[in-house]
Amino acid sequence: MDIHERQTYIRNFCIIAHIDHGKSTLADRILEYTGALSTREMKDQVLDNMELERERGITIKLQAVRLNYKADDGNEYILNLIDTPGHVDFTYEVSRSLAACEGALLVVDAAQGIEAQTLANVYLALENDLEILPVINKIDLPNADPERIKQEIEDVIGLDASDAVLASAKEGIGIKEILEQVVQMIPPPQGSADEPLQALIFDSHYDPYRGVIVYVRIVNGSVKAGTRIKMMNTQKTFEVIEVGVFNPGMTVVDQLNIGDVGFIVAGIKNVKDTQVGDTITEVGRETAAPLPGYRKINPMVYCGFYPIDSSDYEDLREALEKLELNDASLRYEAESSTALGFGFRCGFLGLLHMEIIQERIEREFNIPLITTAPSVVYRVTKTNGEVLDIENPSNMPEPGEIDHIKEPFVRASIIVPNDYVGAVMELCQNRRGEFVTMEYLDVNRVNVIYEMPLSEIVYDFFDQLKSGTKGYASFDYEMSEYKETKLVKMDILLNGEQVDALSFIVHRDKAYYRGKAICSKLRELIPRQMFEVPIQAAIGNKIIARETVKAMRKNVLSKCYGGDISRKRKLLEKQKEGKKRMKQVGSVEVPQEAFMAVLQVDES
Amino acid sequence: MKRMTPASVYIHIPFCAKKCHYCDFNTYAAEGQPMDDYLDALIKEMLMTAESLPDRTMKTVFVGGGTPTILDAGQMKRLLDGIREAFGFSGDGFEFTMEANPGTVDPEKLEVMKEGGVNRISFGVQSFQDHLLQSIGRMHDVSDVHESIRQARAAGFNNISIDLMYGLPRQTMKMMEESLDQALRLNLPHYSIYGLKIEENTVFHALYKKNQLPLPSEDEEFAMYQLIRQRLLEAGYKQYEISNFAKPGFEGRHNITYWKNEPYLGIGAGAHGYVQSVRHMNYKGVQAYIDRVNSGVLPRKEVHGVAKEEAMEDFMMVGLRLLDGVAKADFKDQFGLELDDVFGAVIEDLVQKGLLTETEAGFKLTENGLLFGNEVFAQFIGEAS
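Keep in mind it's a predicted model, so treat the numbers as computed, not measured.

What exactly am I supposed to notice about the overall build of chain A here?
The number of helices and strands found in chain A is 14 helices and 33 strands. Taking all 604 residues of chain A together, 59% fall into the buried category. Residue pairs in contact within chain A that sit at least 24 positions apart in sequence constitute 69% of those at least 6 positions apart. Looking at chain A as shown, the accessible area adds up to about 24500 Å², and 46% of this sits on carbon and sulfur atoms.

It is not clear to me how the packing of aromatic side chains should be interpreted in this structure. Could you clarify?
Applying the stated rule across the entire model yields 28 aromatic pairs over all chains. Plain terms: the ring middles of F202 of chain A and Y215 of chain A are 6.2 Å apart, the flat faces sit at 85° to each other, and that makes the pair edge-to-face. Here F202 of chain A is found in strand β7 (residues 198-207), whereas its partner Y215 of chain A is found in strand β8 (residues 211-220), with 13 residues between them in sequence. The class for F202 of chain A is buried, based on a relative accessible area of 0%. Overall, Y215 of chain A belongs to the buried group, its relative accessible area being 8%. A centroid spacing of 4.9 Å and a plane angle of 5° characterise the contact between Y313 of chain A and F344 of chain A, whose relative ring orientation is stacked. Within this pair, whereas Y313 of chain A is found in helix α8 (residues 313-326), its partner F344 of chain A is found in strand β19 (residues 341-348), the two being separated by 31 residues in sequence. Its relative accessible area of 15% is what places Y313 of chain A among the buried residues. Each member of the aromatic cluster is reached from another via a ring pair, and the members are F315, F331, F335, F343 and F380 of chain B. The ring of W259 of chain B has R321 of chain B sitting right over it, with the charged end atom 5.0 Å from the ring centre.

Teacher, can you tell me more about the packing of helix α11 (residues 308-319) of chain B against helix α13 (residues 339-352) of chain B here?
Packed helix pairs are characterised by how far apart their axes lie and by the angle those axes make with each other. Residues and elements named next belong to chain B. One can describe the packing of α11 onto α13 by two numbers: an axis separation of 12 Å at closest approach and a directional angle of 55°. By the criterion of interaxial angle, the relationship of α11 to α13 is oblique. Taken as a pair, α11 and α13 cross one another with a handedness that is right-handed. Here M312, E313 and M316 of α11 lie close against α13, whose contacting residues are L339, V342, F343 and I347. For the contact of α11 with α13, the residue count by class is six nonpolar, no polar and one charged.

What is the right way to look at the interface of chain A and chain B in this model?
Where interface size is given, it is often the accessible area lost as the parts come together that is meant. At the junction of the two partners, chain A supplies 27 residues and chain B supplies 40 residues. Both sides of the chain A and chain B interface together cover about 3400 Å² of buried area, and 55% of this is carbon and sulfur. When the buried surface of chain A facing chain B is broken down by residue, R553, K554 and R569 of chain A rank first, second and third, together holding 21% of it. Counting across the interface, chain A meets chain B through 11 salt bridges. Ionic pairing is found between R569 of chain A and E310 of chain B, a salt bridge with its closest N-O pair at 4.0 Å. Within the side of chain A that touches chain B, the residues separate by chemical class into nine nonpolar, six polar and 12 charged.

Would you mind showing me how to read the sheet that holds β19 of chain A here?
Within a beta sheet, neighbouring strands are joined by backbone hydrogen bonds and run either parallel or antiparallel to one another. Residues and elements named next belong to chain A. Across the sheet, which stays open at both edges, the four strands sit in the order β18-β19-β17-β20 with antiparallel pairing between neighbours. If you trace the sheet from one side to the other, it starts and ends with β18 (331-337) and β20 (369-371), each paired once. The mean inter-strand angle of the sheet, taken between neighbouring strand axes irrespective of direction, is 30°. Sheet analysis places strand β17 (residues 301-307) next to β20, joined by three bridges and oriented antiparallel. Bridging across to β20, F305 finds its partner in T371.

Would you explain the confidence of the model for chain A in this entry?
Note that predicted coordinates carrying low pLDDT should not be read in detail. On average, residues of chain A score 86 in pLDDT, and 92% of them are at 70 or above. Here residues 56-62 of chain A is a poorly scored stretch, pLDDT under 50, and it has 38 contacts once near neighbours within four places are set aside; other chains count.

Got a minute to help me understand the packing of helix α14 (residues 565-580) of chain A against helix α15 (residues 373-380) of chain B in this structure?
Running from N to C, α14 of chain A and α15 of chain B cross one another at 85°; their axes reach a closest spacing of 9 Å. In terms of their interaxial angle, α14 of chain A and α15 of chain B are classed as roughly perpendicular. Between α14 of chain A and α15 of chain B, the contacting residues are L572, Q575, K576 and K579 of chain A on the first element and N374, E375, F377, A378 and Q379 of chain B on the second. Residues that form the contact of α14 of chain A with α15 of chain B fall into these classes: three nonpolar, three polar and three charged.

How do you make sense of the pattern of salt bridges when you look at a structure like this?
Between side chains of opposite charge, pairing is possible as soon as their charged atoms come close. Overall, the coordinates contain 57 salt bridges over all chains when judged by the stated rule. Among the salt bridges present, the one from E383 of chain B reaches K576 of chain A, with a minimum N-O distance of 3.0 Å. Of this pair, E383 of chain B sits in the segment after α15 while K576 of chain A sits in helix α14, each in a different chain. The exposure class assigned to E383 of chain B is partly exposed, which follows from its relative accessible area of 38%. Take K576 of chain A: its relative accessible area is 16%, and that puts it in the buried class. A salt bridge links R231 of chain B to D181 of chain B; its shortest N-O distance comes to 2.8 Å. Within this pair, whereas R231 of chain B is found in helix α8 (residues 218-234), its partner D181 of chain B is found in helix α6 (residues 173-185), the two being separated by 50 residues in sequence.

What am I meant to see in the sheet that holds strand β14 (residues 272-275) of chain B here?
All names here are of chain B. With antiparallel pairing, the three strands of this open sheet are ordered in space as β14-β15-β16. Either end of the sheet is taken by a strand with one partner, and the two such strands are β14 and β16 (300-305). Between one strand axis and the next, the sheet turns by 20° as a mean value, whatever way the strands run. Of the strand pairs in this sheet, strand β15 (residues 278-282) and β16 are connected by five bridges, and their pairing is antiparallel. Among the inter-strand pairings, N282 is bridged to a residue of β16, identified as R300.

In this structure, what is going on with the environment of V9 of chain B? I would like to understand it.
Residue and element names in this part refer to chain B. Here V9 is to be found in strand β1 (residues 8-13). The buried category is assigned to V9, whose relative accessible area is 0%. With 258 residues separating them along the chain, V9 and I267 place their C-alpha atoms 7.4 Å apart. Ignoring any residue separated from it by four or fewer positions in sequence, one finds V9 in contact with M58, T60, V61, F62, F87, H254, L265 and I267.

How each quantity is defined
- Residues numbered from 1 in each chain as written.
- Chains lettered and ligands numbered in written order.
- Predicted model: local features only at pLDDT ≥ 70, side-chain atom pairs only at ≥ 80, totals over all residues.
- Heavy atoms only, no water.
- Helix = DSSP H or I, 4+ residues; strand = E, 2+ residues; numbered from the N terminus.
- Buried < 20%, exposed > 50% of the residue type's maximum accessible area, 1.4 Å probe, protein only.
- Contact = heavy atoms within 4.5 Å.
- Areas by Shrake-Rupley, 256 points an atom, 1.4 Å probe, with all protein chains shown as cover.
- Phe/Tyr/Trp six-rings, centres within 6.5 Å; stacked < 30°, edge-to-face > 60°.
- Lys NZ or Arg CZ within 6 Å of the ring centre and 35° of its normal.
- Axes fitted to C-alpha atoms, helices over the stretch in contact; angles between N-to-C directions.
- Parallel < 35°, antiparallel > 145°, perpendicular 65-115°, else oblique.
- Left-handed = near helix turned anticlockwise from the far one by under 90°.
- Nonpolar A, V, L, I, M, F, W, Y, C, P; charged D, E, K, R; others polar.
- Buried area = accessible area lost by both parts, 1.4 Å probe.
- Salt bridge = Lys/Arg side-chain N within 4 Å of Asp/Glu carboxyl O.
- Pairing = 2+ DSSP bridges.
- pLDDT = per-residue confidence, 0-100.

Structure, rendered in structure tokens:
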């Protein structure tokens, strides 16, 4: 088959859904049905192959797989399925995978209906001009109500749902119908095999033997071993060593053509040379312009990562470098703290993203970390007119130099059953939210929209929301704008010394309460030392709260243990080990958790 | 590293009338236990052990438990004959301690003990309040304490020690004072004091986890400890080790072997020994122990060769428990190295923190260091290697 004809038999699609609506299970069934994997080979949910993803039941890294499907029309199709993450933190990764597709399966739970992330993902897909095919999943559930859900899709999203496939990924129902719709309704790739190479980087990963492996969608032209390629943004050039596809393991092929989804290996050593979102073209036969449609999303939440053992600093840098390669939205730069020594200020899409990176560093790279409380980016206008973006509270200028401070607000969408609207509104008000509007999705369910400071969301908002609504609320948000608010910087002093890593920014009206609450939390967390440790919260020079950790009175083992010296030794080893997990701040030993104390204060 | 032959032996009797609520030592309620088989095995292990020694003469013998005095007079005689058969007793300064619980001795048993060479008795008195004794699971009451000590003296024992505990559930300062009054009125040459520590696999641990153990506060416990020290020092006793007070010349020599990192034999179920740079622990179960011995092998459950680095750290860890501290000469004698070359930096830091101080011979804990001994000892762990 010639390349031009082949192109008409390619379908590139992804699956979008709210978390837990069955996206990964559906992907598994599609792989199984098309024979990409035999049932015996299947581990459940093959696309979630990171240990952490399996544990948390969420997809973090997107994955791609090529499937062969013989349709009812008698033709063989090449289907490229790209899996996407479902969590709100990973909007950017979703947008990358969407840009590589022509269509999307919109999976909606037949009992739960549209949720906040369903909407967020649909809007992203519409922005990318994708053909959206609704799939009502979990129709085997006793409380499934597919007709109601179809109606909801039509009313709320405005999509025609009359042809929506009724499916149960778990039971393998509707898989063939879904694939038929994919080949019939999703358009083939539009580009041309004769144009110069234009390929979209939508992901990459680092292989210790082959260097950076770039995941691409070929939009125009073709690429094969020997092609000299150029990254249009970084202007770096490389010679391709091999190209291949995922079926689902990595398989080398001769050439990637227009419409294909696959990988390129080009001896790329430096992770910074492959920017996700960049366009690859051919040296000497360059495309006129890079591909549009990517939005580079800036981190919304920053925190400090510090190795507990300062000798791990270089290892931490390497770990971040490696993670950054697989994670275009992770930012980091070196910083130092008088309390914690040398570390990195890292930027994340959200709290879950932060937790995942933290866990991966501790688990995969075995570097115990101290994480400082997350902060948003504050925009400070100084009295001299200078505007600063402050990612680290301890960099906040002196109060006298500040004209005003703005903080980022988000537009939060919370979908809940009627009965919980009151609870949701109370929570949002407590978190300085401004009510925008309320839309009824059906007689029973409401989409409550608030403008809220992002900083209020990073402090356990989601947990509070879940517990206040018995788990029924779904939540999504998008950045809205910076607004001026009355903010102050609060400092914490231990034993009279200011601990920079504990400083935080707080709304003036909440400062007093928060200062007291944090001092008392710290008193619980900091163990008794050989001397008394005062804990103070201060705004500028004014102390607004104080607690004291009383001095330990004694610490000595009296027992003799009948000559069992090893037992004594083990006890002391344990004590010494415990100290290693503490950070010495001045003369005070502070446990890891204390640096997150600001997060553990009950807000509402 | 200098190889020394042991001149101290610990012998374990793992039986008690009943286990106390705080106790996690290797001991079992005596009823239905094969005590005679155990004694046979014990004697066999002693003989096997003694055979391998270049010199069987012991300077200290310590029979602990458990409750060694739970043995009847006949069993006691068999045990003591066995010990004498296996080991020689050095003449001058020979110390032979037996642990006893109040109420488990009588004139006949005491006579057997005296004849068998025992010259020091350590009674587990713990407290002088009947209700406290009951609530910690002890079998005796205060009148047993007085009676047993009276009988021991009548049998000719002068070197008597008692254990006292502080920090017990529901114990108050007033009770502590009362216990000290009564203890000092006995005018004994030696007192050991132990703070209650909640160990796993005890009744107290279970209660503690359920939040049902009304322990004194850290401050109260500290006040008790200070009171004990003050009263004993005022009464003319010298604190020679963190937990031990004695009239001059009555220091417990056996335990000093441990504190000086010198070798000792460990005989019996669950007993620990330290011989030729090897620490061992015997099988803990009574039957398992008997079976091993009867099959003709030493009943070792765990054997651990102590590297020189670890031994040097142990030397500091245990040596600094003695109030006289460690001597540079002893260190050099055991390891052939200068103390300052090995631990100079650690010591300097601890001296700076006011926890250690230099003596003529070496270093010792300061008053403050005495209170924070664990902070000091832990600093040496892992520092030589």
